[in-house]
Amino acid sequence: MDFEVRRDDLHDTRIIERPAAELADGEARLAVRRFGFSANNITYAVFGDMMRYWTFFPAEDGWGRIPVWGFAEVVETSGSTGLDVGELIYGYLPMGTELVVAPTRVSEHGFTDASAHRAELPPAYNGYTRCATDPVYEADTEALQMLLRPLFMTDFVLDDWLADNDFFGARDDVDGMVVLSSASSKTAFGLAHLLARRADRPEIVGLTSPANVDFVEGLGVYDRVLPYDRVDVLDPEQPAVYVDMAGDSIVRQAVHERLGGLTASVSVGGTHWDRVGGGGDLPGPRPTLFFAPDQIVKRREDWGPGGVEQRFAVAWQEFLPIVSDWITVVERAGAGEMARTYLEVLAGSNDPSEAFVLAPDD
């Protein structure tokens, strides 16, 4: 069973049931058990063509299978795959009941899917982790791992990238600030948490909808929280980096027009998917798309084997007890609930403190 959406109309969805694919020699069948779903997955759909997210799990022309992060069980292998039937795997999955992979570079820690259609795609999304040897995996925190681990990895890399680039001149010693849109989103408050822990950091400003101001202020990781219609109170001369989680062209325009001291404009997400737009004729720096795998490759060269994973594990263990107080996990099962949840998140009608864990089977 697969859940699919129309690539040119994200409100149009369908459930497709097909016979299980026959395994070729060297392939393994993963049964999808549970996965997290949030605004981050809507971003995958919004940028599906631009960033090739639709390519990971191909569908018929005009339709797409949205990638998610979660857990799957090895239920069948053909030939020598190096995997054990029954073992638990964490990684990039389709919204559906199964995924066939061609494991290569298999180690005690994980493997890479060498399926032909994924050969030219970013390695960071093609790698799968064997939970038995994963330093981050804990059975009682599976829900938070599914929901937040991929987002927090983006945050971890983005925080490092901003610091690595000296905050593009918007440093603490010149009274700089980092302005985040969609401040209630899980990716945004994860980044704010990491930035807040830096000794010499710029001011952290969160922009959000008026209805979410109290929630965002209660997180305690932003120095200032402003509703979108109060961008005009920001100091136009203050050096600033804009980190755009919303992708909202109207908000972006307002920020660029207000902040004459803007030194960089970074596009990360598309939570306001219905108002996503390009750079246009904006004043100030041209918006650039942040692509986490590029910084991961750089740091793997800088920090050596396992360096990224070790540092991330430390940051994750510090973040976990804090974030567990911020969100309420809502678990749902079955194709109908999967479709309902998708449309709720697409509409932005869910409570920002809620996070969804979905199981494709009832």
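Note that the structure is predicted; figures quoted are calculated from it, not measured.

Novice: Help me out: how do you make sense of the side chain of serine 185 in this one?
Specialist: Residue position: serine 185 is located in the loop between β11 (177-180) and α4 (186-196). Within the structure, serine 185 has its side chain in polar contact with the backbone oxygen of serine 182 (distance 2.8 Å).

Novice: Explain the environment of valine 243 here, please?
Specialist: When you line up the elements, valine 243 lands in strand β14 (residues 240-244). Residue classification places valine 243 among the buried positions, given a relative accessible area of 0%. Linking valine 243 and valine 178, residues 65 residues apart in sequence, is a C-alpha distance of 7.1 Å. If sequence neighbours within four positions are ignored, valine 243 has contacts with Leu158, Leu162, Val178, Val179, Leu180, Ser181, Leu191, Val266 and Val268.

Novice: Whenever I open this one, a negative patch on the surface confuses me. Can you help?
Specialist: A cluster of like negative charges, contributed by Asp172, Asp175, Asp200, Asp235 and Glu237, occupies part of the molecular surface. Mapped onto the secondary structure, aspartate 235 falls in the loop between β13 (224-227) and β14.

Novice: Explanation requested: the pairing of strand β5 (residues 67-77) in the structure shown.
Specialist: Look at any regular strand and the pattern is simple: side chains alternate between the two faces of the sheet. Pairing of strand β3 (residues 28-37) with β5 involves 8 bridges; the strand directions are antiparallel. Paired with leucine 30 across the two strands is valine 74, which belongs to β5. Pairing analysis gives 7 bridges linking β5 to strand β6 (residues 88-94), with the strands arranged antiparallel. Of the residues in β6, the one forming a bridge with tryptophan 69 is tyrosine 92.

Novice: Sorry, what's going on with the pattern of salt bridges here?
Specialist: Inspection of the entire model under this criterion finds 33 salt bridges. Residues arginine 252 and aspartate 244 are paired through a salt bridge, measuring 3.3 Å at the closest nitrogen-oxygen approach. Here arginine 252 matches aspartate 244 in class, with each residue buried. For arginine 340, the salt bridge goes to glutamate 344, with nearest N and O atoms at 3.1 Å. Here arginine 340 pairs with glutamate 344, and both are found in helix α9 (residues 335-347), just 4 residues apart, close to one helical turn. Within this structure, Asp2, Glu4, Arg14, Arg18, Glu60 and Arg65 form a network of salt bridges that share partners.

Novice: Explanation requested: the packing of α4 against helix α8 (residues 307-323) in the structure shown.
Specialist: Geometrically, a packed helix pair is captured by the angle between its two axes and the distance between the axes. One can describe the packing of α4 onto α8 by two numbers: an axis separation of 11 Å at closest approach and a directional angle of 115°. Remark: the crossing between α4 and α8 carries right-handed chirality. For the pair α4 and α8, the contacting residues are Phe189, Gly190, His193 and Leu194 in the first and Ala315, Phe319, Ile322 and Val323 in the second. Grouping the amino acids of the contact of α4 with α8 by side-chain chemistry returns 6 nonpolar, 2 polar and no charged.

Novice: Explain unusual backbone geometry here, please?
Specialist: Trans is the common state for peptide bonds, and a negative phi is the common state for residues other than glycine. Phi at aspartate 175 is positive, roughly 60°, even though this residue is not glycine. Even without being glycine, serine 182 reaches a positive phi, approximately 50°. Note that serine 182 resides in the loop between β11 and α4. A relative accessible area of 7% places serine 182 in the buried class.

Novice: Where do I start with the packing of aromatic side chains in this structure?
Specialist: Ring pairs (aromatic) are described by centroid distance and by the angle formed between their planes. The final tally for this structure, using the stated rule, is 25 aromatic pairs. Taken together, a centroid distance of 5.7 Å and an interplanar angle of 90° make the contact between tyrosine 44 and tyrosine 92 edge-to-face. In this pair, tyrosine 44 sits in helix α1 (residues 39-46) while tyrosine 92 sits in strand β6, placing the two residues 48 residues apart along the sequence. Using a relative accessible area of 5% as the deciding quantity, one classes tyrosine 44 as buried. Relative to tyrosine 92, the ring of tryptophan 69 has its centre 4.8 Å away and its plane inclined at 50°; by these criteria the two rings are tilted. In this pair, tryptophan 69 sits in strand β5 while tyrosine 92 sits in strand β6, placing the two residues 23 residues apart along the sequence. Per residue, the accessibility class of tryptophan 69 equals that of tyrosine 92, and both read buried.

Parameters at a glance
- Within each chain, residues carry numbers counting from 1 in the order of the written sequence.
- Reporting of local features is limited, given that this is a predicted model, to residues whose pLDDT is at least 70; pairs of side-chain atoms are given and counted only at 80 or more, and all residues count toward the totals for whole chains, interfaces and linings.
- Side-chain metrics in this entry use all non-hydrogen atoms of the structure; hydrogen atoms and water are not considered.
- Numbering of helices and strands runs from the N terminus; a helix is a DSSP stretch of H or I covering at least four residues, while a strand is a stretch of E covering at least two.
- The definition of a polar contact used here is a pair of N or O atoms within 3.5 Å, where within protein one atom must be able to donate a hydrogen and the other to accept one, and adjacent residues in sequence count solely through side-chain atom pairs.
- Only protein chains enter the accessibility calculation, which uses a 1.4 Å probe. A residue is then buried if its area is under 20% of the maximum for its type, exposed if over 50%, and partly exposed in between.
- We call two residues in contact whenever any of their non-hydrogen atoms come within 4.5 Å of each other.
- Patch membership requires over 30% relative accessible area and the absence of a salt bridge. Like charges are linked within 9 Å, and nonpolar side chains (Val, Leu, Ile, Met, Phe, Trp, Tyr) within 5 Å.
- Accessibility throughout is a Shrake-Rupley quantity obtained with a 1.4 Å probe, and a residue counts as covered only by protein chains that appear here.
- Salt-bridge detection follows one rule: a side-chain nitrogen of Lys or Arg within 4 Å of a carboxyl oxygen of Asp or Glu.
- For the charge count, each Lys or Arg is scored as positive and each Asp or Glu as negative, with His and the chain ends excluded.
- In plain terms, the charge of a residue is placed at NZ if it is Lys, CZ if Arg, CG if Asp and CD if Glu.
- Being paired, for any two strands, means DSSP has found at least two bridges between them.
- For helices, the fitted axis covers only the stretch in contact; all axes are lines through C-alpha atoms, and the angles between them, taken along N-to-C directions, range from 0 to 180 degrees.
- By definition, turning the near helix anticlockwise from the far helix through less than a right angle yields a left-handed crossing, and turning it clockwise yields a right-handed one.
- Under the scheme applied here, ten amino acids are nonpolar (Ala, Val, Leu, Ile, Met, Phe, Trp, Tyr, Cys and Pro), four are charged (Asp, Glu, Lys and Arg), and all others, including Gly, are polar.
- By convention, a stacked pair of Phe, Tyr or Trp rings (six-membered ring in the case of Trp) has centres within 6.5 Å and planes under 30 degrees apart, an edge-to-face pair has planes over 60 apart, and any other such pair is tilted.

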